[in-house]
Amino acid sequence: MSGKNSFRFTPVIIAVSIVAGILIGTFYAKNFTGNRLGIINASSNKLNALLRVVDDQYVDSVNMSDLIEKAMPQILAELDPHSSYIPAKYVQEVNSELEGSFSGIGIQFTIQEDTIHVNSVIPGGPSEKVGLMAGDRIVTVNDSLFVGKQVTNEVAMRTLKGRKGSEVKIGVKRYGEKELLQFDIVRGDIPQHTIDAAYMITPEFGYIQITKFSRTTHLELLSAIAALNHQGSKGLIIDLRRNTGGYMEAAVRMVNEFLPAGELIVYSEGRRYRRTEEYADGTGSCQKTPLVVLIDEASASASEIFAGAIQDNDRGMFVGRRSFGKGLVQQPIDFSDGSAIRLTVARYYTPSGRSIQRPYENGKDENYEMDILTRYEHGEFFSRDSIKLDENLRYSTRMGRAVYGGGGIMPDVFVPQDTTGISSYLTTVLNRNLTLQFSFQYTDRNREVLTKYTDEASLLNYLRRQGVLEQFIQYADAKGVKRRNILIQKSYKHLERNIYGNILYNMLGREAYIKYVNESDAAVLKAVELLENGESFPKPPPVTEEIFSVADHENQTAQADTERENPVCRLYA
């Protein structure tokens, strides 16, 4: 009887034991998991587990969203120099650079003395429609004062750009007007051109400067080539200096214009990224056009895809200095909160099989970040002999010319940076931004007169009769940079080019500025010389009795000329 009773209570005992086990387990989970991370670590998602523990048990309250935002860039920085995290508030700004347009009010501006100065108004844009003019100063936005140290380039662009169709009210101080002028501007789509200049540099040859590879760049290139052909162009200079890259697809489509059918343009592959090859399809409009390409240490990524394809296929000559050396492919990945990452998923290779990616270490690599400065200090900007090429990374072009991987594209004709005419006076006025400030103020004061001159030549002739350089020297003196006649004489041509160039930019636009500085640009002059002498197509290396491999020779020359002036940074909104 007692045995039967004990069996009868067995289910109850088991149930009580299970409930007790659950309660004890829950107690330990809540109170001791912080000391038992080994259990959590067995999980495949250790990072999420860590964040849960911090959120649940950290001594102070933590803004988890802010913590994650700060952690994301650090995690990606441990991979390579180019994988990156883009917070949601910057994604549109980053993307608009490559999409070829953005939504804003349609002005180009600079910030001087804590105030936004309108350099130019984009034709057909929202600001032009309401009457905004070059020279206007924006001092209020939506009835709030918008001047002072807090008005940075970043803040100004975020404030003036915005959703298409949205409205912004700005107050403007205009030269000669006593009262503020008020404008209600409805933001619209603003085209962002990536070809800054396309003109006939000689009666026979055209020049095209490309600043970025966006979705619209190929169409811009076709339009520029058509216009130059209409003017009788028989050859081209493509300027990729300071072009930091953009979309690989844009570079591929542009190379296609210059290569015959079947030529390899580029291939890419990665651990989980199957090999992809891009070939010319034979529809290019410039397959036999003489071509010279300009590159320098700031030409990177898509610029180097373009350069590598042209060079390895022996399609054109290269002038300038060694390019940046970025051969990694980033894939954009968007998150549901609007943020995004650019994750390196592959390497790209030029047709000869070389990777032009310069060496780097995973994680924060100071040597990589300081590479341009290191090149400068080692004399690479001034002498081709300072560049050390790795013979283990030697490849051959189609006709057997030697080319090298492991760090950028080497030009066929080296043009060193010019140091003649540099003085402490010049360095001081440039570092203090005095030439830009003076140029804008001079333009503003004399805009009515300057408007009469509609081309570079007539405007330059006028400026040279006005003693503009002497006015600048007095202006700089009033700003604390004392007159140094010997140093001024040494740097006179640099000062003249900088100040006249900026005034041309303010009155006639960027292409006028580029035309002016190109007149004394050593790399441009060398490119013109190659075209005029019929030397734009590379020649195969000589074959000797002792050496049968044409890949063992280079057909490269060194040339010493002068460095072009860097244009000032003007921003759009």
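This text goes with the structure placed above it.
Residues numbered from 1 in each chain as written. Predicted model: local features only at pLDDT ≥ 70, side-chain atom pairs only at ≥ 80, totals over all residues. Heavy atoms only, no water.

J.: If you had to explain the pairing of strand β16 (residues 317-320) to someone new, which residues and values would you point to?
T.: The alternating pattern of β16 places Met317 and Val319 and Phe318 and Gly320 on opposite faces, both of which are buried. With 4 bridges connecting them, strand β15 (residues 291-295) and β16 associate as parallel partners. Counted as the bridge partner of Val293 is Phe318 from β16. With respect to chirality, the unit in which β15 leads through helix α11 (residues 302-312) into the neighbouring parallel β16 is right-handed. Examined bridge by bridge, β16 and strand β21 (residues 413-414) share 2 bridges and lie parallel to one another. Its bridge partner being in β21, Val319 is matched across the sheet by Val413. (Buried < 20%, exposed > 50% of the residue type's maximum accessible area, 1.4 Å probe, protein only. Helix = DSSP H or I, 4+ residues; strand = E, 2+ residues; numbered from the N terminus. Pairing = 2+ DSSP bridges. Right-handed = clockwise from strand over helix to strand, strands pointing away.)

J.: Which residues make up unusual backbone geometry, and what are the values?
T.: Phi angles above zero are rare outside glycine, and Asn142 is one such case at about 50°. Following the sequence through the fold, Asn142 ends up in the loop between β5 (137-141) and β6 (144-145). Relative accessible area serves as the criterion here: at 44%, Asn142 is assigned to the partly exposed category. Residues other than glycine seldom take positive phi values, yet Asp143 does so here, at roughly 70°. Looking at where Asp143 falls in the secondary structure, it is placed in the loop between β5 and β6.

J.: Describe the pattern of salt bridges, listing the residues and the values that go with them.
T.: Scanning the model with the defined rule gives 28 salt bridges in all. In this structure, Asp371 and Arg375 form a salt bridge, with 2.9 Å as the shortest nitrogen-oxygen distance. Separated by 4 residues within a single helix, Asp371 and Arg375 lie in helix α13 (residues 371-377), roughly one turn from each other. Here Asp371 matches Arg375 in class, with each residue buried. Ionic pairing is found between Glu380 and Arg375, a salt bridge with its closest N-O pair at 3.8 Å. Residues Glu380 and Arg375 agree in their burial class; the two are buried. If you follow the salt bridges from partner to partner, you end up with Arg322, Arg358, Asp371, Arg375 and Glu380 in one network. (Salt bridge = Lys/Arg side-chain N within 4 Å of Asp/Glu carboxyl O.)

J.: Describe in detail the packing of helix α17 (residues 456-464) against helix α20 (residues 492-508), supporting the description with residues and values.
T.: Contact geometry for α17 and α20: axes closest at 11 Å, N-to-C directions at 130°. Comparing their axes, α20 and α17 come out oblique. Like other packed secondary-structure pairs, α17 and α20 cross with a definite hand, here right-handed. Residues Glu456, Leu459, Leu460, Leu463 and Arg464 of α17 touch α20, and the partners they reach there are Glu496, Tyr500, Ile503, Leu504, Met507 and Leu508. Of the residues in the contact of α17 with α20, the class split is 8 nonpolar, no polar and 3 charged. (Axes fitted to C-alpha atoms, helices over the stretch in contact; angles between N-to-C directions. Parallel < 35°, antiparallel > 145°, perpendicular 65-115°, else oblique. Left-handed = near helix turned anticlockwise from the far one by under 90°. Contact = heavy atoms within 4.5 Å. Nonpolar A, V, L, I, M, F, W, Y, C, P; charged D, E, K, R; others polar.)

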